[in-house]
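In case you want the letters, here they are:
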Amino acid sequence: MSARVCKNCGCTDIDIDQARGDAVCTGCGSVLEDNIIVSEVQFVENSGGGSSAVGQFVSSDVSGKAPALGTGFHTSLGKESRAQTLQNGKRQIHNLGNQLQLNQHCLDTAFNFFKMAVSKHLTRGRKMAHVIAACLYLVCRTEGTPRILSSL
């Protein structure tokens, strides 16, 4: 039973059935809610011995951010994967750019080229080091910085 109040008769005796996913007033029989979303998380074991969450995440947040199940729990959603790719790309651009003694403007421009390549899916099936080298080479060519391809 719940502390809810029926809008039809004012009764506080509400029966919530998690299995059916509805809430019914026991006084007048009105269905107050149906298709209630369950807030529990269930896990199942797969054939390899690992476990995975069952169901679909529904956020009450309107922000559209990926929800987390406590601290340290990472889901493999598209946004997180893309953010990880961009973070790794930025780090590798800065590492290689610093070895080539490029200024911050060139590094930022190379990262912008990298972001464009990721957003256009040009990085799929290619090694990250090759994409990074291409972005830095493109910046060197457009900025007129004298670097040879073999140094990348």
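Residues numbered from 1 in each chain as written. Predicted model: local features only at pLDDT ≥ 70, side-chain atom pairs only at ≥ 80, totals over all residues. Heavy atoms only, no water.

1. Some points on the overall build of the protein chain
Applicable threshold: The way it works is that DSSP assigns letters per residue, a run of H or I at least four long becomes a helix, a run of E at least two long becomes a strand, and they are numbered from the N terminus. Throughout this description, buried means an accessible area under 20% of the type-specific maximum (1.4 Å probe, protein chains only), exposed means over 50%, and partly exposed covers the range between. In this description, accessible areas are obtained by the Shrake-Rupley approach with a 1.4 Å probe, and a residue is regarded as covered only by the protein chains that are shown.
Regarding its fold elements, the protein chain presents three helices and five strands. Looking at the 152 residues of the protein chain, the share that counts as buried comes to 21%. Summed over all atoms, the accessible surface of the protein chain reaches about 10,900 Å², with 51% contributed by carbon and sulfur.

2. Some points on the packing of helix α2 (residues 104-119) against helix α3 (residues 128-143)
Selection rule: Simply put, an axis is a line fit to the C-alpha atoms, just over the touching stretch for a helix, and the angle between two N-to-C directions goes from 0 to 180 degrees. Any angle between 65 and 115 degrees counts as roughly perpendicular, while under 35 counts as roughly parallel, over 145 as roughly antiparallel, and the rest as oblique. Rotating anticlockwise by less than a right angle from the far helix to the near helix defines a left-handed crossing, while the corresponding clockwise rotation defines a right-handed one. Residue contacts are defined here by distance: any two heavy atoms, one from each residue, within 4.5 Å place the two residues in contact. Basically, the charged four are Asp, Glu, Lys and Arg, the nonpolar ten are Ala, Val, Leu, Ile, Met, Phe, Trp, Tyr, Cys and Pro, and anything else, Gly included, counts as polar.
Taken N-terminus to C-terminus, the directions of α2 and α3 make an angle of 125°; their axes are 9 Å apart at the nearest point. Considered as vectors, α2 and α3 are oriented oblique to each other. Where α2 crosses over α3, the two elements pack in a sense that is right-handed. Note on element contacts: α3 touches α2 through M128, V131, I132, C135, L136, L138, V139 and E143, opposite H105, C106, L107, T109, A110, F113 and F114. Taken together, the residues of the contact of α2 with α3 sort by class into twelve nonpolar, two polar and one charged.

3. Some remarks on the state of the cysteines
Note the following rule: For the purposes of this analysis, a disulfide is any pair of cysteine sulfur atoms at a distance within 2.5 Å.
Within this structure, the stated rule accounts for zero disulfides. Left unpaired, C11 is separated from the closest cysteine sulfur, that of C25, by 4.4 Å. On the basis of relative accessible area, C11 is assigned to the partly exposed category, the value being 22%. C140 takes part in no disulfide bond, and the closest cysteine sulfur to it belongs to C106, at a distance of 6.3 Å.

4. What about the sheet that holds strand β3 (residues 31-34)?
The condition is simple: By definition, two strands form a pair when at least two bridges between them are found by DSSP.
The three strands are arranged β1-β2-β3 in an open sheet whose pairing can be described as antiparallel. Here the strands that pair on one side only, and so sit at the sheet edges, are β1 (14-17) and β3. Averaged over neighbouring strand pairs, the angle between their axes works out to 10° when direction is ignored. Bridge count for β1 against strand β2 (residues 22-25) is four bridges, and the pairing is antiparallel.

5. Regarding the nonpolar core
Rule in force here: For this analysis, a nonpolar core means a set of buried residues of the types Ala, Val, Leu, Ile, Met, Phe, Trp, Tyr and Cys, connected via side-chain atoms within 4.5 Å.
Core analysis: the biggest nonpolar cluster contains 16 residues, and I93, L102, A110, F114, I132 and L136 have the highest contact counts within it. Mapped onto this core, the elements with two or more residues apiece are α1 (78-99), α2 and α3. Excluding residues that lie within four positions of it along the chain, F114 makes contacts with T85, L86, G89, I93, T123, M128, V131, I132 and C135.

6. A few points about the side chain of S30
Rule in force here: Under the rule applied, a polar contact is a pair of N or O atoms within 3.5 Å (in protein, one hydrogen donor and one hydrogen acceptor; residues adjacent in sequence only if both atoms are side-chain atoms).
Within the fold, S30 resides in the loop between β2 and β3. Since its relative accessible area comes to 18%, S30 is described here as buried. At 2.7 Å, the side chain of S30 and the side chain of N8 are in polar contact.

7. Concerning the confidence of the model for the protein chain
Using the following cut-off: Every residue carries a pLDDT, the predictor's confidence in it, which falls somewhere between 0 and 100.
Here the protein chain shows a mean pLDDT of 77. Residues at 70 or above account for 71%. A low-confidence stretch, residues 66-78 stays under pLDDT 50, and its non-local contacts, those more than four residues away or across chains, total seven contacts.

8. Quick word on the pairing of β3
It is a general feature of regular strands that their side chains alternate between the two faces of the sheet. In the sheet, β2 pairs with β3 via three bridges, with the strands oriented antiparallel. Bridge pairing in β3 places A23 opposite E33.

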